[in-house]
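Analysis of the macromolecular model
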Amino acid sequence: MIYNLKGKLTVCDVNFIVVECGGVGFKCFTSLNTAKQVGEIGKEVNVFTHLAVREDAMDLYAFATTAELDAFKLLITVSGIGPKAAIAILSELTPDRLALCIASGDSKSITAAQGVGKKTAERVVLELKDKIGTIATEAASATVSNLQNNVAGSASAEAVEALVSLGYSQADAALVVGSLDSSMSVDEMIRHGLKELAKNL
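Read on for an overview of the structure. Note that the structure is a prediction, hence the values are computed from the model and not measured. (Residues numbered from 1 in each chain as written. Predicted model: local features only at pLDDT ≥ 70, side-chain atom pairs only at ≥ 80, totals over all residues. Heavy atoms only, no water.)

1. Observations concerning the packing of aromatic side chains
- Under the counting rule described, the total for this entry stands at 4 aromatic pairs.
- Between Phe29 and Tyr61 the ring centres are 5.7 Å apart and the planes differ by 40°, which places this aromatic pair in the tilted class. One end of the pair, Phe29, is in strand E3 (residues 24-29); the other, Tyr61, is in strand E5 (residues 58-63), with 32 residues separating them in the sequence.
- Note on Phe29: relative accessible area 27%, which makes it partly exposed.
- Following the ring pairs from residue to residue traces out a cluster consisting of Phe29, Tyr61, Phe63 and Phe72. (Phe/Tyr/Trp six-rings, centres within 6.5 Å; stacked < 30°, edge-to-face > 60°. Helix = DSSP H or I, 4+ residues; strand = E, 2+ residues; numbered from the N terminus. Buried < 20%, exposed > 50% of the residue type's maximum accessible area, 1.4 Å probe, protein only.)

Below you can see the structure in the form of structure tokens.
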């Protein structure tokens, strides 16, 4: 259907934007992340779209990047996740961040999205864990691959578990540990991980 819209941004609201193309204003529901990226009202924008067709409505969803569009399409394949819930998740998490949460099993971070409960977040992790490579950038893909290859009982897995027990999220801990040399001891990984995580506070 409509792959993208290129035109003047005439409205930028919390939940939607309006892009004027050839004198027609297209209302597009969107995430907070996209709303922050599209720019100022009156400027030309190019957004990537998905048309959701229901019995009683045809809603257009727009995204600043193809990565976010791909993440949206993946999310709505999960049972119990509709377009609104997918938008809520992408308002909280960038595609890379979402990929890292799924790879590390961090369903808790996904529950930060409005209207997404624990069971729904766990389904997202379970159903998308083998598909997330399609939504992560090249840099994040390497970390995702490392996380998926970590086996229980490995130094990396133990270090992640220790950092989580200290109050850090699974995704943050996994991201930091995944960037460290795998030959390090658990203690070294924890020590370096704490230093890196402290920088982000």
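2. Some thoughts on the pairing of strand E4 (residues 44-53)
- Of all 10 residues in E4, 7 are buried; the element is thus mostly enclosed.
- Relative to E4, strand E1 (residues 4-12) runs antiparallel, the two sharing 5 bridges. Its bridge partner being in E4, Lys6 is matched across the sheet by Asn46.
- Here 6 bridges tie E4 to E5, and the two strands are oriented antiparallel to one another. Within E5, the residue paired with Val53 across the bridge is Met58.
- Linkage of E4 to E5, two consecutive antiparallel strands, is achieved through a turn of 4 residues. (Pairing = 2+ DSSP bridges.)

3. Overview of the sheet that holds E3
- Taken together, the 5 strands give a closed barrel; going around it, the order is E1-E2-E3-E5-E4, and neighbouring strands pair in mixed fashion. Strand-to-strand, the axes of this sheet are offset by a mean angle of 55°, without reference to chain direction.
- In terms of strand pairing, E3 meets E5 through 2 bridges, oriented parallel. Bridging across to E5, Phe29 finds its partner in Tyr61.
- In this fold helix H2 (residues 66-75) packs onto E4 and E5, with an angle of close to 10° to the strand it touches most, E4.
- Lying over the sheet, helix H3 (residues 83-92) contacts E3, E4 and E5, oriented at roughly 15° with respect to E5. (Axes fitted to C-alpha atoms, helices over the stretch in contact; angles between N-to-C directions. Contact = heavy atoms within 4.5 Å.)

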